[in-house]
Amino acid sequence: MPIEDKRWTKEKEESLAKQWRTSPYPFDKKNEKPLFSVDTPPPYVNAPVHMGHVTTYIIMDMIARFKRMTGHNVLFPLGLDRNGLPIEVAAEKKFKKKLTEVPREEAIEMCKKILEESSLASVESFARAGISFNSWKIGTNPGEIYLTDSDDYRALTQGTFIDMWKKGLIYEDVRTNNYCPGCQTTIADSEIEYEDKPTIFTDIQWETDTGEKIVIGTTRPELLCSCEAVLYHPNDQRYKHLEGKNAITPIYGRKVKIMAHPLAEMDKGTGLVMMCAFGDYTDIRFFREQKLTPKIAINKDGTLNQHAGKYEGKRIYAGRKAILEDLKEAGLIVEQRQIQHRTPVCDRSKDDVEFIELPEFYVKQLEFKDTLRSIAESVSIHAEPSRQILLDWIDSIAIDWPISRRRFYATEVPVWHCTKCKEIVLPPKGKYYQPWKEKSPVPCPKCQSTDLKGEERVFDTWFDSSISPLYILQYEKDDKFFRNNIPCSLRPQGKEIVRTWLYYTLLKCFHLTNKTIFKDVWIHYHVVDDNGKKMSKSVGNIIDPQKLLDDHGAESLRLWAATEGDLSKGDIRCSDERIKGAGKTLTKLWNVARFVSSFPEGKEGNLEPLDEWILDELNTLIALANEKYAHYDFFTPALALRHFVWETFASHYLELAKNRAYNNEDLYTDEEANSARYTLHTVLSRLTRLFAPILPMVTYEIVKATENKDVHQEAFPKVERTYQPPFKTEELMETNGAIWKAKQDKGISLKAEVKKATLPKSLQVIEKDIKHTHTIGDITYGDTFAITL
RNA sequence: GGGCCCGUAGUUUAGCGGCUAUAACGUCUCGUUCACAGCGAGAAGGUCGCCAGUUCGAAUCUGGCCGGGCCCACCA
């Protein structure tokens, strides 16, 4: 049927988006086609998805749609991340109560209330953008939207803990960790941010055991009590003579070793540095390396303890003030100055992070670094340079992974503790447990006691999210399906979470399955604002995709996402103007289709040389798209397709073939006209399929109108037949261009007659088409182009 | 401070040893050509960040510098 409407409008998108939302692309487990599984990143539900999410999911959708068209059974589920700190923060804000200060049941209730409001509205933009998830229903069947805080998901998280504990891959230990006194939990490195804060830097006079006076600078005088060593750099001539001597700590009068150590930097402070338990990461590294026993002077509540002597009970700042006064009185302060200091603070409470010891659960990783490195080297990463982020991270790992947290809205660590024999008691896996309020289903295996205390700690949310590929592939639910379908085909994710989500997933899945869990990893950069700045809530430059969808429509957004840049290689800027500009190509494509649809289809038969040429051009595109799409590159083919639509096909082929396709004056034979009509329809048909993953809505409507088919059920084009183009594309384009320009320069109509023309010899095969397109009288052929108007 | 990435037209970009350096958006000129004025035909616009080197030849390779981004580290 001919297309009537003069242009593509965004209003046409609404019904299609709705249609795909109510009856989407369900996942059929029994389908015999090879599986292509996409481990999509579950967005966090506390805020609506922003432009960056939508853009990257659009690319994932292009991948999914392409894979469907190339004969795959595509598992493309959406997950929603609902565990952990952001929800707790939102709950605290809304109810104006600290979760640490209310009963645990109430804390969890508060979080659940927040989550009730979040619903699916946060991902509404995905539906509007035409993302073809398997399902828009929340559930536990493969392909349905999964929630990381569902009983089903949490039971699997706990099951993996139980397995790993039994395999000896998890242990509990008392170690130094980042600790936030405000939130009262151990926090991960990724939960720390830095603030420039003014701090007093104090040079304090010490003495050595031989009576020599030395000066050491510090910002943490309250930690003097926990000092275990004084360091200078091995090349520092000023202090070489101190090697092997001891320093006496002021106030406390303890003897500590003076050592040469590269951790000390010659040009910082006086070149001498005290090592305390613990002022910073350097201290921690040093204590670990020297196997020193730290005397930690700070309690869980942020007060100083008995190690601090007379300052015991004071909070850190008060203790610091008091000890500085005492040092001043003793005449030991050489100099004080205020410095700006980048201080690690908790990213939620903004409290200074302290380093204290607590018992926590750890996943072993140090002894697996070599294996992890080979996994990191063998997994296929798009684009290749991003692999280095992972390798660098693996190289820099210095401790095992602390997985327990002292918070509330997260998966509980599924253990009980025997009050009699101290044994750790694990329940059978397969069920979701809340040990802090439930009785252990089993007695202590060692002493048979039933007097067990439920564990109160929860997991780091990365411990949850690092099993997403296992969850979507039915691990422990359907063994046969799981075994047949690992590794997971594709992990798409942002580069900023390579060292967390990607790394932890590879680690944990290796521990559980002994395999590399992904075949391919697609790592993307970011959509930044139109000034090139990263979007962030605090800066207030978050771009709302709903607004862009309202203004320009999904297809403009999608074409922009494909053509603005290669997201696996760098950031792309979000520009309203450029998204708007993308819409022009939609109009062009639509009108090309409208033009083609006005002709009868034509039958396959002898092809005119011009028609062979355009089909050959299209073949080049088909080959390019197949190759690039398969490597998750939509950028290169999208540019080529756009160019083909505007230039090659519309400007040149259509202009030349028009007369023949109309054949109003019977200048051509039926066979010649048929060849043009057949070619027009064939090109359109293939072109829509090439565009379908990028522009699912426009192509759907075109193919429905012209062929009455669902383009998304069609096979992706392959180069099936080759054609012999008798001339070079540039030769044709240059010739057309030269004739148009000559008429333009003379200010005459493009239809005006050309009396005589000398054209390249190779174009003789399409003499008739050229002659009628440009209205040329006499055509001769030669090396030099010339026309007489 | 360490690592990685990036500097090409006003903007976004292609090219990654060899034609006069791509194209799109924007700007300007002309045009109511029967698919499309949300269009067409053209034009202007660049010492390919800077400086050396390798080479017959460098936007492209190497080194240094300058500028930008991201990640990591930095409580002396």
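Residues numbered from 1 in each chain as written. Chains lettered and ligands numbered in written order. Predicted model: local features only at pLDDT ≥ 70, side-chain atom pairs only at ≥ 80, totals over all residues. Heavy atoms only, no water.

Regarding the sheet that holds strand β20 (residues 452-454)
Here is step 1: One open sheet holds the three strands; their spatial order is β19-β18-β20, and the pairing between them is antiparallel. Edge positions in the open sheet fall to β19 (424-425) and β20, since each of these has one partner strand only.
Here is step 2: Where strand β18 (residues 416-418) lies against β19, two bridges are found, and the strand directions are antiparallel. For His417, the partnering residue across the bridge sits in β19 and is Ile424. (Pairing = 2+ DSSP bridges. Helix = DSSP H or I, 4+ residues; strand = E, 2+ residues; numbered from the N terminus.)

Examining the packing of helix α9 (residues 369-378) against helix α10 (residues 387-396)
Here is step 1: Across the interface, α9 lies against α10 with an axial gap of 10 Å and an inter-helix angle of 180 degrees. By the angle between their axes, α9 is roughly antiparallel relative to α10. From α9, Lys369, Leu372, Arg373, Ala376, Glu377 and Ser378 reach across to α10, where they touch Arg387, Leu390, Leu391, Ile394 and Asp395.
Here is step 2: By residue class, the composition of the contact of α9 with α10 is five nonpolar, one polar and five charged. (Axes fitted to C-alpha atoms, helices over the stretch in contact; angles between N-to-C directions. Parallel < 35°, antiparallel > 145°, perpendicular 65-115°, else oblique. Contact = heavy atoms within 4.5 Å. Nonpolar A, V, L, I, M, F, W, Y, C, P; charged D, E, K, R; others polar.)

A closer look at the pattern of salt bridges
Here is step 1: Taken as a whole and assessed by the stated rule, the structure comprises 44 salt bridges.
Here is step 2: Measuring nitrogen to oxygen at the nearest pair gives 3.6 Å for the salt bridge that ties Lys213 to Glu207.
Here is step 3: Judged by relative accessible area, which is 52%, Lys213 ranks as exposed.
Here is step 4: Overall, Glu207 belongs to the partly exposed group, its relative accessible area being 36%.
Here is step 5: The partner of Asp520 in a salt bridge is Lys519, and the shortest N-O contact between them spans 3.6 Å.
Here is step 6: For Asp520, a relative accessible area of 7% translates into the label buried.
Here is step 7: Ionic contacts of the salt-bridge type, sharing partners, join the residues Glu172, Glu360, Arg406, Glu455 and Arg457 into one network. (Salt bridge = Lys/Arg side-chain N within 4 Å of Asp/Glu carboxyl O. Buried < 20%, exposed > 50% of the residue type's maximum accessible area, 1.4 Å probe, protein only.)

Considerations on the protein's contact with RNA strand B
Here is step 1: In the vicinity of RNA strand B, 55 residues are found, and the nearest of them are Phe201, Thr219, Asp280, Arg499 and Tyr662.
Here is step 2: Close to the protein, within 4 Å, the atoms of RNA strand B belong to sugar or phosphate groups at a rate of 60%.
Here is step 3: Lys495 places a side-chain nitrogen or oxygen 3.1 Å from a sugar or linking oxygen of RNA strand B.
Here is step 4: In this structure, a phosphate oxygen belonging to RNA strand B sits 3.4 Å away from a side-chain N or O atom of Ser651.
Here is step 5: Per-element tally for the surface near RNA strand B: the top contributor is helix α19 (residues 635-662), with nine residues.
Here is step 6: Here the surface near RNA strand B is composed, by residue class, of 19 nonpolar, twelve polar and 24 charged. (Near = heavy atom within 4 Å. Polar contact = N/O pair within 3.5 Å; in protein donor to acceptor, adjacent residues only side chain to side chain.)

Some remarks on the confidence of the model for chain A
Here is step 1: With 97% of its residues at a pLDDT of 70 or more, chain A shows a mean pLDDT of 87.
Here is step 2: Scored by ipTM, the complex comes to 0.83, with pTM at 0.87. (pLDDT = per-residue confidence, 0-100.)

Observations concerning the side chain of Glu228
Here is step 1: Mapped onto the fold, Glu228 is located in the loop between β8 (213-218) and β9 (229-232).
Here is step 2: In this structure the side chain of Glu228 is engaged in a polar contact, spanning 3.4 Å, whose partner is the side chain of Arg254.
Here is step 3: The contact partners of Glu228, leaving out residues within four places of it in the chain, are Arg254, Val256, Lys257, Met275, Phe287, Leu292, Thr293 and Lys295.

Some points on the packing of helix α1 (residues 11-22) against helix α21 (residues 696-707)
Here is step 1: Look at α1 against α21: their axes get within 10 Å of each other, and the N-to-C directions meet at 100 degrees. By the angle between their axes, α1 is roughly perpendicular relative to α21. Contact residues: Glu13, Leu16, Ala17, Gln19 and Trp20 in α1; Pro696, Met697, Tyr700 and Glu701 in α21.
Here is step 2: Its residues placed into classes, the contact of α1 with α21 shows six nonpolar, one polar and two charged.

Some points on the nonpolar core
Here is step 1: In terms of nonpolar packing, the biggest core is built from 129 residues, with Met51, Phe126, Phe649 and Tyr653 touching the most fellow members.
Here is step 2: In contact with Tyr653, not counting residues within four places along its chain, are Leu610, Asp611, Trp613, Ile614, Thr648, Ala676, Thr679 and Leu680.
Here is step 3: Within the second largest apolar cluster, 57 residues are counted, among which are Phe27, Leu75, Tyr503 and Leu507. (Core = buried A, V, L, I, M, F, W, Y, C linked by side-chain atoms within 4.5 Å.)

Remarks on the sheet that holds strand β27 (residues 776-781)
Here is step 1: Strand order in this open sheet of three strands is β27-β26-β28, and the pairing throughout is mixed. One side of each edge strand has no neighbouring strand; the edge strands of this open sheet are β27 and β28 (786-788). Averaged over all pairs of adjacent strands, the angle between their axes in this sheet comes to 15 degrees, without regard to strand direction.
Here is step 2: Pairing geometry for strand β26 (residues 754-759) and β27, over five bridges, is parallel. Paired with Ala757 across the strands is Ile779, a residue of β27.
Here is step 3: Running over the sheet, helix α22 (residues 729-746) touches β26, β27 and β28 and is turned about 150 degrees from β26.
Here is step 4: Lying on the sheet, helix α23 (residues 767-774) is in contact with β26 and β27; it crosses β27 at an angle near 140 degrees.

Re the environment of Val498
Here is step 1: Here Val498 is to be found in helix α14 (residues 498-513).
Here is step 2: Spatially, the C-alpha atoms of Val498 and Leu390 are 6.1 Å apart, while their sequence positions differ by 108 residues.

Let's talk about the pairing of strand β11 (residues 255-260)
Two faces make up the sheet, and in a regular strand the side chains alternate between them.
Here is step 1: Two elements, β9 and β11, share four bridges in a ladder whose sense is parallel. Across the sheet, Leu231 pairs through a bridge with Met259, a residue of β11.
Here is step 2: Direction of pairing for strand β10 (residues 246-248) relative to β11: antiparallel, over a ladder of three bridges. Its bridge partner being in β11, Ile248 is matched across the sheet by Lys255.
Here is step 3: Hairpin connection of β10 to β11: six residues between the antiparallel strands, including Ile251 at a positive phi of 70 degrees.

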